[in-house]
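Breakdown of the fold
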Amino acid sequence: MRNYDSKDKPTLTFSRAEVLNRKFLRGSEGDRQGYPLRTYSSGIFLNGYSDHFPTMIYLVKEIK
């Protein structure tokens, strides 16, 4: 790991955020259609991904 002086330390700035809501992450049947395809529900393995959609943030770094 590199140590930086405070004036040389690279800074990241928030650019944007989004929810990753792709078709393969959504359920396509039943009363949970369109909701995240869960891994487990009531202790039963459903072979899904998660119980929520992932989020992504974009950070930018100024080039000097």
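Predicted, not measured: the structure shown is a model, and the values here were computed from it. Within every chain, residues take consecutive numbers counted from 1 along the sequence as written. Selection of residues for local features in this predicted model requires a pLDDT of at least 70, selection of side-chain atom pairs for listing and counting requires 80 or more, and totals for whole chains, interfaces and linings are taken over all residues. As a rule here, side-chain values cover all heavy atoms of the structure and leave hydrogens and water aside.

Glancing now at the packing of aromatic side chains. The rule is short: rings of Phe, Tyr and Trp, with Trp giving its six-membered ring, pair when the centres are within 6.5 Å, and they are stacked under 30 degrees, edge-to-face over 60, tilted in between. For the structure on display, the rule yields 2 aromatic pairs. Pairing F24 with Y49 gives two aromatic rings, centres 5.5 Å apart and planes at 80 degrees, and the pair type is edge-to-face. Of this pair, F24 sits in the loop between β1 (12-19) and β2 (40-41) while Y49 sits in the loop between β3 (44-45) and β4 (55-61); the two residues are 25 residues apart in sequence, bridging distant segments of the chain. When the centroid spacing of 5.4 Å and the interplanar angle of 65 degrees are considered together, the rings of Y40 and F45 count as edge-to-face. Note that R16 overlies the ring of Y58, its terminal NZ or CZ placed 3.9 Å from the centroid. Only DSSP runs of H or I covering at least 4 residues are called helices, and only runs of E covering at least 2 are called strands; the numbering of each starts at the N terminus. Counted as over-ring charges are cases with an Arg CZ or a Lys NZ within 6 Å of the ring centre that also lie within 35 degrees of the ring normal.

Just to be clear on terms, a salt bridge is a Lys or Arg side-chain nitrogen sitting within 4 Å of an Asp or Glu carboxyl oxygen. Under the counting rule described, the total for this entry stands at 1 salt bridge. Measuring nitrogen to oxygen at the nearest pair gives 2.9 Å for the salt bridge that ties R16 to E18. Overall, the relative accessible area of 42% leaves R16 in the partly exposed class. Given the relative accessible area of 24%, E18 is considered partly exposed. Relative accessibility decides the category of a residue: with a 1.4 Å probe and only protein chains considered, values under 20% of the type maximum give buried, values over 50% give exposed, and everything between is partly exposed.

Bringing a nonpolar patch on the surface into the picture now. A cluster of nonpolar side chains, L12, F14, I57 and L59, forms an exposed patch at the surface whose accessible area comes to about 430 Å². Of all the secondary-structure elements, those providing two or more residues to the nonpolar patch are β1 and β4. With respect to the helices, strands and loops of the structure, I57 is situated in strand β4. Overall, the relative accessible area of 57% leaves I57 in the exposed class. Two joining distances apply to patches: 9 Å for like charges and 5 Å for nonpolar side chains (Val, Leu, Ile, Met, Phe, Trp, Tyr), and every residue must have over 30% relative accessible area and no salt bridge. Per-residue and other accessible areas follow the Shrake-Rupley method at a 1.4 Å probe size, with only the shown protein chains counted as cover for residues.

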